[in-house]
Amino acid sequence: VGGMEGRLAILVVVALADQDPEPDLQLPKLDIDKSKTSERFELFVCGKEIANAYTELNDPEVQRERFMAQAEAATQGDEEAQMLDETFCTALEYGLP
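Residues numbered from 1 in each chain as written. Predicted model: local features only at pLDDT ≥ 70, side-chain atom pairs only at ≥ 80, totals over all residues. Heavy atoms only, no water.

Colleague: Describe the overall build of the protein chain, with residues and values.
Modeller: Secondary structure assignment for the protein chain yields two helices and three strands. Counting from the amino terminus, the protein chain carries its helices and strands in the arrangement β-β-β-α-α. Per-residue burial for the protein chain yields a buried fraction of 21% across its 97 residues. Counting only contacts in the protein chain whose residues sit at least 6 apart along the sequence, the fraction spanning at least 24 positions is 45%. Carbon and sulfur atoms form 56% of the exposed surface of the protein chain, whose accessible area is close to 7400 Å². (Helix = DSSP H or I, 4+ residues; strand = E, 2+ residues; numbered from the N terminus. Buried < 20%, exposed > 50% of the residue type's maximum accessible area, 1.4 Å probe, protein only. Contact = heavy atoms within 4.5 Å. Areas by Shrake-Rupley, 256 points an atom, 1.4 Å probe, with all protein chains shown as cover.)

Colleague: Describe the pairing of strand β2 (residues 40–45), with residues and values.
Modeller: Here β2 runs beside strand β3 (residues 48–54); their pairing, made up of six bridges, is antiparallel. Note on β3: the bridge partner recorded for Phe44 is Glu49. The antiparallel pairing of β2 with β3 creates a hairpin that spans two residues between the two strands, and Cys46 there sits at a positive phi of about 55 degrees. (Pairing = 2+ DSSP bridges.)

Colleague: Describe the pattern of salt bridges, and please don't skip the residues or the numbers.
Modeller: Tallied over the entire structure, the rule returns two salt bridges. Between Glu86 and Arg64 there is a salt bridge, with its nearest N and O atoms 2.7 Å apart. Taken as a pair, Glu86 in helix α2 (residues 86–93) and Arg64 in helix α1 (residues 60–75) lie far apart in primary sequence, 22 residues in all. The shortest N-O distance in the salt bridge between Arg64 and Glu93 comes to 3.1 Å. Residue Arg64 is located in helix α1, and its partner Glu93 is located in helix α2; the two are separated by 29 residues in the primary sequence. Taking relative accessible area as the criterion, Glu93 reaches 47% and is therefore assigned partly exposed. One connected set of salt bridges, linked through shared partners, spans Arg64, Glu86 and Glu93. (Salt bridge = Lys/Arg side-chain N within 4 Å of Asp/Glu carboxyl O.)

Colleague: Which residues make up the packing of aromatic side chains, and what values do they have?
Modeller: Following the criterion strictly, the structure yields one aromatic pair and no others. Ring geometry for Phe67 and Phe88: centres 6.2 Å apart, planes at 85 degrees, overall edge-to-face. In this pair, Phe67 sits in helix α1 while Phe88 sits in helix α2, placing the two residues 21 residues apart along the sequence. (Phe/Tyr/Trp six-rings, centres within 6.5 Å; stacked < 30°, edge-to-face > 60°.)

Colleague: Give me the environment of Glu65: which residues, what numbers.
Modeller: As for its position among the elements, Glu65 is in helix α1. Residue classification places Glu65 among the exposed residues on the basis of a relative accessible area of 55%. With 19 residues separating them in the primary sequence, Glu65 and Leu84 have C-alpha atoms 9.0 Å apart.

Colleague: Outline the confidence of the model for the protein chain, listing residues and values.
Modeller: Put simply, the protein chain has an average pLDDT of 75, and 63% of its residues get 70 or more. Confidence scores differ between elements of the protein chain, with strand β1 (residues 14–18) showing the lowest mean pLDDT of 53 and α2 the highest of 92. (pLDDT = per-residue confidence, 0-100.)

See the structure below:
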């Protein structure tokens, strides 16, 4: 039963995006070898996002700085910017989450 006639051919396109520039997001940790990129990746299959993952930032001082920068952006009209979450930063100081 030869040939491709009558068979369904499926083309799967996979794309992996990694090494984002210094994160606009607040939670990814910076890559230790490349201080201007984050430890983060996204997986896309056939144009759909399947995975969005990152190494979570666990330095409370850096996290607080990022929150403060976002809070400042919010005062400048950035509707997507986050506010300072002091409870979260304090939890990081105790080794949480």
